[in-house]
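Structure at a glance
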Amino acid sequence: MATTLDYATSSDDDESFDDEKTTSGSFRNGEFQGRVFKWTNYLHGWQERYVILRHGFLNYYKNEYDISLGCRGALSVKQALIQSHEFDECRFDVRVGDSVWYLRAHTPEDRERWIQALEDHKQMCKSESGYGSETSLRRHPSIGSLASTASASVASTGSFKKDRSLKEKLNELETFRELLVQQVATLQTYFDACANAVTKGFEPYQKEYENVTDLDFEESLDKNDSKSILDGDTVRNPSIKPKFDRLALDDHAAMAIDFKGEALTFKATTDGVIHNVAFSIELMQKREDVWRKKYEKELERRKRFQDLYNQINKKKVPAFGSPDAEEGPHSTLKEDEFFDALDQSLDRIDRDIDKYPISSKSSAHSKSSTNSTVNKSKSSSKQVPKTVPVSTIVSKSNDDNSENNGKHRLTDDVERIVQEHLQYVREDVSNGWDLIHQDGEMKVYRREVEENGIVVDPLKCFHTIKGVTGHEICRYFWEFQYRMEWETTLDSTKIIEALDPDTVIFFQLHKRVWPAAQRDSCFWSHIRCISNSDEDQPTWLVVNYTTPHPLAPIKSPQVRLVANVALICETIISEPPLNPKDIKRENIQCKLTYVAFVNPGGWVPSAALRGVAKREYPRFLKRFTSYVVEQTRNKPILF
C-alpha cells in the first residue's frame, strides 16, 4: 500500500497555487489535492472545484483560495466506493450510501492518480481502525457473544430438546451435590465425635476395634486401671484384659457409621457427577458445532449481501439530476422515467414564464416597422414589406446577382419545399393519421414514422382563430422581433443572413430541458402570399427549413435539430359588408394549417419524444394564436 512517502512533497515556502501545480492531483504537505471537475446539477453541469484528501475525508472547496473558509462538502473515504466510469476516460465516481460525487479529472492519467490515492487512503483508514474487512468477525470471535446467543431461545425442536436435556442434567448434578454435602456432613460429624472422645482420654480407638471381642463390658474401669493402661501395663502383661467404662462406649457406639456403605455411596455419587459432567460437556460440544455452522452460514450470507451491494453500486443507479441520467447512448433512465423528467422540466419552464412573463409590448423599433405594414391596402398586401431590422442581420447575401435577377443561392430549394408543402397540406388525414388532441376548433393529427431508430413523426394541426387574418398570423410567426415574445422555449435567436426581403436564415438556441441535451437550429425562413385570383382572399405561407451555414457550426454538447415546418393561413370573411372598409374583426377568421417534420437528433427515447410532442404542439399553437389575437386587438386589420 502506497503511503505519502512514495510521493514527492513540497514545503510551504515552495508551494504555489498556479495552474500548473494545482490542476493535476498530487501530494502537497502530506495531503493529496488538486483541481477536478465536479457535477453540480443539470443547470450548471460540470464546475471546477479544488479537492483535498485528508484525515479520512475527501473535502472540496470552490477554489484553493477558499480553503481557510471551510469546505463546502466532505465524504468519508473509509466507507466510500470508488468507481471509474465505463465510457468517460476522465471521470470517476465516489459513492457513500446514497451520496454520490461525480468527478472528472483533466486527463486519464490524473484520474488514475486520484483513484490510486483514494484507494490507498481508504486502506490506510481501515488498517488503523482494525475493522471493515470481511473476515473481521472470524479474526475477532467473542465467546461472550456466543454464550449469550446460546442462552437465548431457539426456535427449532431439536435445539429445544437439547436445551431440556442439558437442564435435566444440571438438575441431577444439583441433586448429587446435595447428596455429597450430606455424606460429607455425616463423616464430619463422626470425626468430630472421635476428636471429642480423644480429648476425654479414651484411646486408642483402633485397638478398641481390633480387640472388641476381648472387652469386658460388665466390669467398670476405674482410674487406676485406666492409668495402668495408659502407662503401658497391658502391653507388658498381655494376660491382663483392659476394662472400659460402659457409658463412654455407649456414647462412642452412638456415633459409629457404616464405612463400607458410605464409601460405596460416595463412589456412586461421584460417578454420577462425573457422568453428568461428561454428558453436559458433550452436549455443549454439540451445541458449539451447531453454532459454528450457523456462524459460518451467517458469514456466507453476509458475503452474498456484500457482493449484491457491490453489484448494485456497480450498476451506478444515479440520483435524479446526475450526469448518468442525461440523454445519451448510455443513459440510465428508462423511457417512462425519461418522459417524467422531461415533463417536470417543461412544467418548471412554464412556471418560470408565469412568474416572470415576457412583456407583451414590442420594442420601439418593432412598433415602427409594424406600423409601416398594418395600414397596407388589400392590393398592396400581396407584396411583402421589407421589415427585417438591419441591426439584427449578421451578414447579407454575398451573391452579386441576387439584387439584379431576384434570385439567391437557395432560391431553387425554397421553391421546391414550398410546392411540396402546398401539395402535402391538401392530403387527406383519414389514412394512416391518428387524432392525438382535440380542443374546440383545434385538432392535432400524427403519423408514426421512425428513421434509423429516431422518431420523425409528421404532424398536422388544424385550427380556426377568430378576429385575425392569415397575413397577421404569418407576419407574427415570421418576424424576428416578435419571436422571443411568443416562443418560450428559446434562449436566443438571431438572423445570421438575409437572402432577400422574403427569406432570412435564423440561428436559434433552445432552452435546456433536462435530461435531454440542449438543442440548436439553423434554418431559412420564407414568407409568401399565394392567391388564385384578385377576388379571393389571399393565402399566406411561412416555411422554415433546416440548412447548414458557416456562421452556425455544430458545437458540442448542443444537438442540431432538423426541421421542415410550414404554416399556411387562409382568411375567411363572414357576411362581408358592401364597403370593404367596413369589415370588422368580428367578421373575420383565419383557417390555420400547421405541418411539421422534425428530427430532434440525439438519443431521446421514442416514447418520451411522442409524449412531449403530444403535450407541446397543442400548447404552442394555443399560446401563439392567443398572442396574435392580443397583439392585433385594437389595431387596423392587415389583409
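Note: the structure precedes this text.
What comes next is a walk through the structure. Small disclaimer: the values here were computed from a predicted structure and weren't measured. Note on numbering: residues in each chain are counted from 1, in written sequence order. Whole-chain, interface and lining totals are the exception, using all residues; otherwise, since this is a predicted model, local features are given only for residues with pLDDT of at least 70 and side-chain atom pairs are given and counted only at 80 or more. With hydrogens and water excluded, all non-hydrogen atoms of the structure serve as input to the side-chain values.

Observations concerning the overall build of the protein
Helix and strand definitions here come from DSSP, where helices need a minimum of 4 consecutive H or I residues and strands a minimum of 2 consecutive E residues; each element is numbered from the N-terminal end. Assigned secondary structure in the protein consists of 17 helices and 20 strands. Looking at the protein residue by residue over its 639 residues, the buried ones come to 40%. Every residue pair with non-hydrogen atoms within 4.5 Å of one another is taken to be in contact. Within the protein, contacts between residues at least 6 apart in sequence are counted, and of these 61% link residues at least 24 apart. Total accessible area computed for the protein in this model is approximately 37400 Å², and 52% of it derives from carbon and sulfur atoms. For every residue, the accessible area obtained with a 1.4 Å probe (protein chains only) is divided by the maximum for its type, and the residue is called buried under 20%, exposed over 50%, and partly exposed between those limits. For the accessible areas, the method is Shrake-Rupley and the probe is 1.4 Å, while residue cover comes only from the protein chains on display.

Here's the deal with the nonpolar core
Nonpolar cores are built from buried Ala, Val, Leu, Ile, Met, Phe, Trp, Tyr and Cys residues. Side-chain atoms within 4.5 Å join them into one set. Ranked by size, the top nonpolar core spans 41 residues in total, and within it I473, F477, L567, L592, Y594 and F624 carry the most contacts. If you tally residues by element for this core, the top one is helix α17 (residues 606-631), at seven residues. Filtering out sequence-adjacent residues up to four positions away, F624 remains in contact with I473, Y476, F477, W486 and L567. Counting residues in each nonpolar core, the second largest holds 22 residues, with V418, V425, F507 and A566 among its members.

Remarks on the pairing of strand β14 (residues 490-500)
Note that β14 and strand β15 (residues 503-510) share eight bridges and pair antiparallel. Across the sheet, T493 pairs through a bridge with Q508, a residue of β15. Criterion used throughout: strands pair if DSSP finds at least two bridges between them.

Some thoughts on a nonpolar patch on the surface
Without a salt bridge and with relative accessible area above 30%, a residue can belong to a patch; like charges are then joined within 9 Å and nonpolar side chains (Val, Leu, Ile, Met, Phe, Trp, Tyr) within 5 Å. What counts as a salt bridge is simple: a side-chain nitrogen of Lys or Arg found within 4 Å of a carboxyl oxygen of Asp or Glu. On the surface, F305, L308 and I312 cluster together into a nonpolar patch covering about 300 Å² of accessible area. Tracing the backbone shows F305 in helix α10 (residues 259-314). Classification of F305 by relative accessible area gives exposed; the value is 52%.

Considerations on the pairing of strand β6 (residues 81-84)
Here β6 runs beside strand β7 (residues 91-96); their pairing, made up of four bridges, is antiparallel. Paired with Q83 across the bridge in β7 is D93. Counting the residues that bridge the hairpin from β6 to β7 gives six residues.

Details of unusual backbone geometry
Residues apart from glycine generally show negative phi values, whereas peptide bonds are mostly found in trans. In this structure, P515 follows W514 across a cis peptide bond, with omega equal to 10°. Along the chain, the position of P515 falls in the loop between β15 and β16 (519-530). Cis geometry marks the peptide bond from S556 to P557, where omega comes out at 10°. When you line up the elements, P557 lands in the loop between β17 (539-546) and β18 (559-560). A positive phi is found at H55, a non-glycine position, where the angle reads about 50°. On the basis of relative accessible area, H55 is assigned to the exposed category, the value being 69%.

What about the packing of aromatic side chains?
Note on aromatic contacts: the rings of Phe and Tyr and the six-membered ring of Trp form a pair at centre separations within 6.5 Å, being stacked when their planes are under 30 degrees apart, edge-to-face when over 60 apart, and tilted otherwise. According to the stated counting rule, one finds 19 aromatic pairs in the structure shown. Judged by centre distance (6.0 Å) and plane angle (75°), the rings of Y445 and F462 are edge-to-face. With a gap of 17 residues between them, Y445 in strand β10 (residues 442-446) and F462 in strand β13 (residues 459-466) connect regions that are remote in the sequence. Y445 sits in the buried class, given a relative accessible area of 14%. Where Y594 meets Y617, the ring centres are 6.3 Å apart and the plane angle is 50°; that geometry is what we call tilted. Placement of Y594 in strand β20 (residues 588-599) and of Y617 in helix α17 is noted, with a sequence separation of 23 residues between them. This pair shows no difference in class: Y594 is buried, exactly as Y617 is. Site record: aromatic cluster; members linked through ring pairs are F477, W486, Y594, Y617, F620 and F624. The positively charged end of K294 is found above the aromatic ring belonging to W291, 4.6 Å away from the centroid. For a ring to carry a charge above it, either NZ of a lysine or CZ of an arginine must fall within 6 Å of the ring centroid while also lying within 35 degrees of the normal to the ring plane. When the ring centre of Y424 is taken as reference, the NZ or CZ atom of K460 above it lies at 4.7 Å.

Focus: the environment of P501
Tracing the backbone shows P501 in the loop between β14 and β15. Exposure remark for P501: the relative accessible area of 32% places this residue in the partly exposed category. Taking the C-alpha atoms as reference points, P501 and I527, separated by 26 residues in sequence, lie 9.1 Å from one another.

Remarks on the pattern of salt bridges
Per the stated rule, a full pass over the model turns up 27 salt bridges. Residue D110 is joined to R113 by a salt bridge in which the shortest nitrogen-to-oxygen separation is 3.5 Å. Note that D110 and R113 are positioned in helix α2 (residues 108-129) at a spacing of three residues, about one turn of the helix. Exposure remark for D110: the relative accessible area of 1% places this residue in the buried category. When its relative accessible area of 36% is taken as the criterion, R113 is described as partly exposed. Salt-bridge contacts for R111 lead to E112; the nearest nitrogen and oxygen are separated by 3.4 Å. Its relative accessible area of 44% is what places E112 among the partly exposed residues. Salt bridges here are not isolated pairs; linked through shared partners, they connect D343, D347, D350, R615, E616 and R619.

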